[in-house]
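Read off the chains here:
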Amino acid sequence: MDRELRIGLLGCGTVGTGVVALLQQGEEDIAARTGARLRITRVAVRDTARDRGVALPDGAITDDAASVVEADDVDLVIEVMGGREPAGELIRRALELGKPVVTANKELIATEGPELFALAQEAGVDLAYEAAVAGAIPIIKPLKESLAGDHIRRVVGILNGTTNYILTKMTEDGTTYEEALAEAKELGYAEADPTADVAGHDAAAKCAIVASLAFDTAVHGEQVYREGIESVSATDIRVADRLGYVVKLLAIASEVEDQMAVRVHPAFLPKDHPLAAVRDAYNAIYVEADAAGELMFYGHGAGAAPTASAVVGDVIDVSRNLLQTARGPVESEHRAQPIRPIEDLQTQYFVLLDVDDQPGVLAEVALTFGAHGVSIAQVWQEGDDDHAQLVLVTHRSREGDLRATADALADVAAVRRVASVMRVESEVFSS
Ligand code: NAP
Ligand code: HSE
């Protein structure tokens, strides 16, 4: 094979080393599938002295990332450095130079995606980002290409492995939140700063990317309503189990009339929902479409080899296009659907109250729900002596009304504490 494409690799950490290894292991097949040999010629890192544990060409490694992008012997760029800058500046420059880019950077795509897509279009080259959402799982291409003829109604994902691992350990082993987080860090699932994981930022960025594709609307990560798992308690998990649910951090993008809802938060999910079976650090995405019906994509959402699989798949794709002076399908933003305020969300809610166990308390609590137009579907009480925990599940209600109810409950003298409020996602097409 005579043809060759030369790659500049920005970053050689967890994902970068995985990419180098995969390109080397699959060299012959990859060349045959691409129609050209793919060769890494330049690699940018911060610490050039550190052994990367993979074979890199002599003289390829540098701490001058801009020089990699500019180099004459780089035809396409892989960005696996992470962070907004300098990654953003480097990608912009590569595109201006007419070099296609493959990135795993969800933070950047969720914040600057539209500008970068426009630059890529202007330059007539690809910007591919399959690895930015759910690691190895193909979801960008299915949403952008395979399902392009369908009408997607809703996408529900478990898009963060760290939080899914923590919730699985709390559910199955009775581990505390702190113990489970420490284990997730030891196993390398959590980001360097686990706040990005546990507070839902990571899942919100991925949710924005998925929603943009599913609903032809540019969604910024900051537009995604977000709650993390920090306040999920052992009691929430125990009560969920008793009611037939598991607690999961869900990323939900749904179409509601002429608006779209985009949200990331912990939720009660029925045990028989396919996503409830997604354990440990696995990710999954459940798609509901008019013609295709229900689809589920499942697999490893992180890690060197799984993420490299998605990156190298993209590299082959953009290389094929480069060889034909073509480019892949572009992102569409033509629907520009407004985002529905969270207060207008309609779903069921679980409410846990610590109350004084005395005559009339249940009636007063029920009156408070009723006064705000929130209908109770289930209620039970457990406790001892003068203290009780009151568990309530509502019928489908408006979030704004539920919030007003929770505020009013906090002012009821016999209510010691509104211990938890969590959404219950039990309806297939809830909004
Ligand atoms: P990482 O292990 O921290 O690696 C980052 C690499 O970039 C390192 O080699 C670092 O150099 C290099 N780097 C950072 N800033 C640089 C700069 N200014 N100049 C030159 N080199 C620089 O990160 P990662 O886990 O591989 O993640 C990379 C990207 O993939 C991120 O966008 C992340 O969100 C995404 N991603 C990661 C995973 C995963 O499982 N890890 C999964 C999906 C997506 P040094 O090694 O010298 O510090
Ligand atoms: N920290 C992320 C997770 C890695 O736990 O899923 C992949 O983005």
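Everything quoted here is computed from the prediction, not taken from an experiment. (Residues numbered from 1 in each chain as written. Chains lettered and ligands numbered in written order. Predicted model: local features only at pLDDT ≥ 70, side-chain atom pairs only at ≥ 80, totals over all residues. Heavy atoms only, no water.)

Student: Got a minute to help me understand the domain arrangement of the protein in this structure?
Tutor: For the protein, the assigned domains read domain 1 (4-135 + 304-323), domain 2 (140-300) and domain 3 (342-424). With centres defined by C-alpha atoms, the gap from domain 1 to domain 3 works out at 51 Å. (Domains from an automatic or database assignment.)

Student: When you look at the nonpolar core in this model, what are you seeing that I'm missing?
Tutor: A general tendency of soluble globular proteins is for nonpolar side chains to be buried together. Ranked by internal contacts, the top residues of the largest apolar core, which has 84 residues, are Ile166 and Phe268. Counting 31 residues, the second-largest nonpolar core is a separate cluster that includes Ile30, Ala36, Leu38 and Ala60. (Core = buried A, V, L, I, M, F, W, Y, C linked by side-chain atoms within 4.5 Å. Buried < 20%, exposed > 50% of the residue type's maximum accessible area, 1.4 Å probe, protein only.)

Student: Just to check I follow, could you spell out the site of ligand 1 for this structure?
Tutor: Around ligand 1, a shell composed of 22 residues is seen, among which Val15, Asp47, Arg50, Arg52 and Gly303 lie nearest. Cys12 places a polar main-chain atom, nitrogen or oxygen, 2.9 Å from an oxygen atom of ligand 1. One of the backbone N or O atoms of Val15 is found 2.8 Å from an oxygen atom in ligand 1. Contact with the protein chains hides 80% of the accessible area of ligand 1, taken as 900 Å² for the molecule alone. Here the shell around ligand 1 is composed, by residue class, of 10 nonpolar, 7 polar and 5 charged. (Near = heavy atom within 4 Å. Polar contact = N/O pair within 3.5 Å; in protein donor to acceptor, adjacent residues only side chain to side chain. Areas by Shrake-Rupley, 256 points an atom, 1.4 Å probe, with all protein chains shown as cover. Nonpolar A, V, L, I, M, F, W, Y, C, P; charged D, E, K, R; others polar.)

Student: Which parts of the structure should I look at to understand the pattern of salt bridges?
Tutor: Two side chains of opposite charge can pair, provided their charged atoms sit close to one another. Taken as a whole, this structure holds 37 salt bridges when the rule is applied. Residue Glu27 is joined to Arg37 by a salt bridge in which the shortest nitrogen-to-oxygen separation is 3.6 Å. Here Arg37 lies in strand E2 (residues 37-44) and Glu27 lies in helix H2 (residues 27-34), a separation of 10 residues in the sequence. The shortest N-O distance in the salt bridge between Glu257 and Arg340 comes to 3.0 Å. Separated by 83 residues along the polypeptide, Glu257 in the loop between strand E9 (245-256) and strand E10 (259-270) and Arg340 in the loop between helix H12 (304-323) and strand E13 (346-356) bring together distant segments of the chain. You can call Arg340 buried: its relative accessible area is 15%. It is possible to trace a salt-bridge network through shared partners that takes in Arg84, Glu85, Glu89, Arg92 and Glu112. (Salt bridge = Lys/Arg side-chain N within 4 Å of Asp/Glu carboxyl O. Helix = DSSP H or I, 4+ residues; strand = E, 2+ residues; numbered from the N terminus.)

Student: What am I meant to see in the sheet that holds strand E1 (residues 4-10) here?
Tutor: Pairing between sheet strands relies on hydrogen bonds along the backbone, with the strands arranged either parallel or antiparallel. Here we have 6 strands laid out as an open sheet, ordered E3-E2-E1-E4-E5-E6, and parallel in their pairing. Edge strands, defined here as strands with exactly one partner in the open sheet, are strand E3 (61-62) and strand E6 (127-128). The sheet contact formed by strand E4 (residues 76-79) and strand E5 (residues 101-103) spans 3 bridges and is parallel. Paired with Val77 across the bridge in E5 is Val101. Along the sheet, helix H4 (residues 87-96) makes contact with E1, E4, E5 and E6, crossing E5 at roughly 155°. (Pairing = 2+ DSSP bridges. Contact = heavy atoms within 4.5 Å. Axes fitted to C-alpha atoms, helices over the stretch in contact; angles between N-to-C directions.)

Student: Got a minute to help me understand unusual backbone geometry in this structure?
Tutor: In terms of backbone geometry, most residues other than glycine have negative phi values and most peptide bonds are trans. The omega torsion across Glu85 and Pro86 is 10°, close enough to zero to call that bond cis. Tracing the sequence through the fold places Pro86 in the loop between E4 and H4. One non-glycine residue, Ala134, adopts positive backbone phi at about 60°. Assignment of secondary structure puts Ala134 in the loop between E6 and helix H6 (140-146). Given the relative accessible area of 0%, Ala134 is considered buried.

Student: In this structure, what is going on with the site of ligand 2? I would like to understand it.
Tutor: With respect to spatial proximity, the complete set of residues near ligand 2 consists of Lys106, Asn160, Gly161, Thr162, Tyr189, Glu191, Asp197, Asp202, Lys206, Gly301 and Ala302. Elements represented by at least two residues in the shell around ligand 2 include exactly helix H7 (161-173) and helix H10 (201-214). Considering only residue class, the shell around ligand 2 consists of 2 nonpolar, 4 polar and 5 charged.

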